[in-house]
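The chain contents come next:
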Amino acid sequence: MERLTSTFKPKSLGKRLVRKSSDYGELGSNRRKSSDISTIKSKNSKPSRPSTEQPWDQPPEVNIQTGERVDHTELLHSLAHQGSFDSIPDFFEPRWRERDSAGLGNAIFASLPDNIWNRICLALNPAATACLALTSKNLRTRIGFDPWKILELPENREHKISFLVLLDSYFPDHLLCYPCLIYHRRTQKGEEKLKGNIVLNPIFNCPWAKEPLPLPLKLRIAPGHTLPFSFVQLVLRAHHNGPEYGIPVHSLARRWKCRESEWSHHSSYYYFKGHLLMRVVSKSFAQPCLPPSGLRHLLYSREDYWPYFSACAHWRDGELMNLCKCALSHIPKPKETIAQQLQKGPQLSMSLRNANPIVTLCKDCRPMRRCPECPTEYLIDIKFEEDRTDPNNRFKQAIVVTRWSDLGDGTTPMNTEWAAVNGFDEGYDSFTKIGRRGVSGTFESQNGVALLGQRMLSLNPKMEKLGEEGHNWY
């Protein structure tokens, strides 16, 4: 009984604390020993002189738990400069200003003789000379107003455009008009929307808006729908300078159905490294075994004899239309039951009863094609899709033509990519400038979508430029 009572007898508080503290291990015992030794030394020794070491001379503390070195000086400096724009040149800027308060730089420019300035201006083009004269008041008085008068000459139109483009970041409420080379005020700032051709949609008032000009100011997307160059300017200005300078890139995306045919279109855009990329997916339901007249009615618009789907300006010279006709020839006949076949005649065909809805294209129309004269790529496909307007036959075969194009950097309408897509740049070589990775791969990579492995072939392998004289396109 005495053993049992001693076993279940509650222990004193002091003993429990001693046992609990002993479980911390060797680290706690070392701490207590060092603290006891320091207290004994402090009692027996004389008061020591204060240390002459400065706080920044002491070695950084070491965290026992993590082993990291904690430097409080560096920590305070990082907190003081976090989220600020202070830098080393900012501390020296006031001294430089005090030293240059008498206009040291202007005095150096003013001391140069006139013949040196004349030789400098002769070595520069008119646009660079105008920029130099606009640098400071002293340079403007030395060079004069002749650079701006030279830019007004008709032969210096391109130099004037390059000069005005440099001033684009100073006018968020205006947009450069290329027909008259004037910055017009935006009438619908921040609310510009892309609309069809039948809707009047001016984004600024220009007296030359209705006049025909040789500049490629519009890009044909589909019948009745174009992309004005001013919207390309607004999108790229918003990316380069800020939202108040233009509109977001996703505001250009549209879905519409053609009024003249059964074609439907979906356009989308993507900004990549200063360039605007475009993708247009056009599709239409097609019947199998169409005659040549049926193929023409399906593919061509009777308004201007362009394709119903989106195409570049070089579609007549290549194999684009022949490839579309080849893809349409692979559409199988629709599935027919035995009862439906007996209604037509006594002959039966098991291939029509078990028709495969998945169409496999041949080696000619399956690969992806790239136009050799502009940064445009095409992919032709036959898909089995649902037609909600037909209650009897809901699922049909449809031809899908996807186009990818690089629209350039939006600086001028005569930019290399924009002019090439519109057919104004004859010396453009897409296979040399684009490289291995196509425009389609760059565009689809924005959503993490990888296209199936496709061969990239030339749309015009023979480089024949027959235009309307050739009859293969029709």
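Figured I'd write up the structure that's included with this text. Numbers given for residues are sequential positions, taken from 1 along each chain in its written order. Two thresholds apply to this predicted model, a pLDDT of at least 70 for residue-level local features and 80 or more for giving and counting side-chain atom pairs, whereas whole-chain, interface and lining totals are computed over all residues. Processing note: side-chain calculations cover all non-hydrogen atoms of the structure and skip hydrogens and water entirely.

Summing up its helical and strand segments, the protein chain has 19 helices and 13 strands in all. Throughout this description, buried means an accessible area under 20% of the type-specific maximum (1.4 Å probe, protein chains only), exposed means over 50%, and partly exposed covers the range between. Considering the protein chain as a whole, with its 474 residues, one finds that 36% of them fall into the buried category. Any pair of residues with heavy atoms lying within 4.5 Å of one another is described as a contacting pair. Residue pairs in contact within the protein chain that sit at least 24 positions apart in sequence constitute 59% of those at least 6 positions apart. In the form shown here, the protein chain has an accessible surface area of approximately 31,300 Å², with 55% of it arising from carbon and sulfur atoms. Secondary structure follows DSSP: runs of H or I at least 4 residues long count as helices, runs of E at least 2 residues long count as strands, and numbering of each begins at the N terminus. Working definition of accessibility: Shrake-Rupley area with a 1.4 Å probe, residue cover restricted to the visible protein chains.

With that settled, consider the layout of surface pockets. Definitions used for this entry: grid spacing 1 Å over protein atoms alone; cavity, a set of points where a 1.4 Å probe fits but cannot get out; pocket, an open set with protein on both sides within 12 Å along at least 5 of 7 lines; lining residue, one with an atom within 4 Å of a point. Grid points are joined across faces, edges and corners, and a volume is the space filled by probe spheres set on the points. The computed volume of the largest pocket comes to approximately 1,100 Å³. Mapped by element, the contributors of at least two residues to the lining of the largest pocket are strand E7 (254-257), strand E8 (264-272), strand E9 (275-285), helix H13 (292-299), strand E11 (376-386) and strand E12 (395-406). Approximately 920 Å³ is the volume attributed to the second largest pocket. Every residue lining the second largest pocket is counted, 31 residues in all, and those nearest its centre are Asn 201, Pro 202, Ala 209, Lys 218 and Pro 228. At the level of elements, strand E3 (174-177), strand E6 (225-228) and helix H12 (229-240) are the ones that each hand at least two residues to the lining of the second largest pocket. Take the lining of the second largest pocket: its biggest share by element is four residues, from H12. A per-class count over the lining of the second largest pocket returns 20 nonpolar, seven polar and four charged. We call Asp, Glu, Lys and Arg charged. Ala, Val, Leu, Ile, Met, Phe, Trp, Tyr, Cys and Pro are nonpolar, and the rest, Gly among them, are polar.

Moving on, we get to unusual backbone geometry. One non-glycine residue, Cys 289, lies in the positive phi region at around 55 degrees. Its place among the elements puts Cys 289 in the loop between E9 and H13.

So, on to the sheet that holds E12. Ordered by their spatial adjacency, seven strands build an open sheet running E7-E8-E9-E12-E11-E10-E13, and the pairing between neighbours is mixed. Here the strands that pair on one side only, and so sit at the sheet edges, are E7 and strand E13 (456-458). Averaged over all neighbouring strand pairs, the angle between strand axes comes to 25 degrees, with direction disregarded. Strand pairing is assigned whenever DSSP detects at least two bridges linking the two strands. Every axis in this analysis is a line fitted to C-alpha atoms, fitted for helices over the stretch in contact. Angles between the N-to-C directions lie between 0 and 180 degrees.

What follows covers the pattern of salt bridges. Here, a salt bridge means any Lys or Arg side-chain nitrogen found within 4 Å of an Asp or Glu carboxyl oxygen. Overall, the coordinates contain 13 salt bridges when judged by the stated rule. Measuring nitrogen to oxygen at the nearest pair gives 2.7 Å for the salt bridge that ties Arg 142 to Asp 114. Taken together, the residues span a long stretch of sequence, with Arg 142 in helix H9 (residues 137-143) and Asp 114 in helix H7 (residues 114-123) at a distance of 28 residues. Look at Arg 142 and you get partly exposed, because its relative accessible area is 25%. Owing to a relative accessible area of 47%, Asp 114 belongs among the partly exposed residues under this scheme. Here Arg 186 makes a salt bridge to Glu 192, at a shortest N to O gap of 3.1 Å. Each of Asp 387, Asp 390 and Lys 396 takes part in one network of salt bridges that share partners.

Attention shifts here to the packing of helix H8 (residues 126-133) against helix H11 (residues 157-165). It is the contact of H8 with H11, at a shortest axis distance of 8 Å, that shows an interaxial angle of 40 degrees. Of the possible angle classes, the one that applies to H8 and H11 is oblique. Both H8 and H11 take part in a crossing whose hand is right-handed. Judged by residue contacts, Pro 126, Ala 127, Ala 130 and Cys 131 of H8 engage His 159, Ser 162 and Phe 163 from H11. When grouped by side-chain class, the residues that make up the contact of H8 with H11 number five nonpolar, two polar and no charged. Note that the term roughly parallel is reserved for angles under 35 degrees, roughly antiparallel for angles over 145, roughly perpendicular for angles of 65 to 115, and oblique for everything else. Each crossing gets its handedness from the near helix: less than a right angle anticlockwise from the far helix is left-handed, clockwise is right-handed.

What follows is about the nonpolar core. Residues grouped as a nonpolar core are buried Ala, Val, Leu, Ile, Met, Phe, Trp, Tyr and Cys residues, joined through side-chain atoms within 4.5 Å. In terms of nonpolar packing, the biggest core is built from 72 residues, with Leu 227, Tyr 269, Leu 276, Phe 309 and Leu 320 touching the most fellow members. In this structure, Leu 276 is in contact with Val 232, Val 235, Leu 236, Val 249, Leu 252, Tyr 269, Tyr 270, Ser 405, Asp 406, Leu 407 and Gly 408, ignoring residues within four places of it in sequence. Counting residues in hydrophobic clusters, the runner-up holds seven residues, among them Tyr 270, Leu 379, Val 439 and Phe 443.

What follows covers H12. For H12, built from twelve residues, the straight-helix expectation of 16 Å at 1.5 Å per residue is met to within 8% by its first-to-last C-alpha distance of 17 Å. Elements that come into contact with the buried residues of H12 comprise E3, E6, E8, E9 and helix H17 (416-421). Directly after H12, the chain includes Gly 242, whose backbone phi takes a positive value near 145 degrees. Expected helix span is computed as 1.5 Å times (number of residues minus one).

It is worth spelling out the packing of aromatic side chains at this point. Two aromatic rings, drawn from Phe, Tyr or Trp (for Trp, its six-membered ring), form a pair once their centres lie within 6.5 Å of each other, and the interplanar angle then sorts them: stacked below 30 degrees, edge-to-face above 60, tilted otherwise. Taken as a whole, this structure holds ten aromatic pairs when the rule is applied. Both rings, one in Phe 171 and one in Tyr 183, keep their centres 4.9 Å apart while their planes meet at 35 degrees; by these two values the pair is tilted. Here Phe 171, found in the loop between H11 and E3, pairs with Tyr 183, found in strand E4 (residues 182-185); they are twelve residues apart in sequence, far enough to count as distant. The partly exposed category is assigned to Phe 171, whose relative accessible area is 30%. Ring geometry for Phe 229 against Trp 418: centres 5.2 Å apart, planes inclined by 65 degrees, an arrangement best described as edge-to-face. Separated by 189 residues along the polypeptide, Phe 229 in helix H12 and Trp 418 in helix H17 bring together distant segments of the chain. The exposure classification of Phe 229 matches that of Trp 418, with both residues buried. Ring-pair connections join several aromatic residues into one group, and the members of that group are Tyr 178, Phe 229 and Trp 418. In this structure, Arg 370 packs its charged tip against the face of Phe 431, placed 5.1 Å from the ring centre. In this analysis the charged atom, NZ for Lys or CZ for Arg, is taken to sit over a ring once it is within 6 Å of the ring centre and within 35 degrees of the ring normal.

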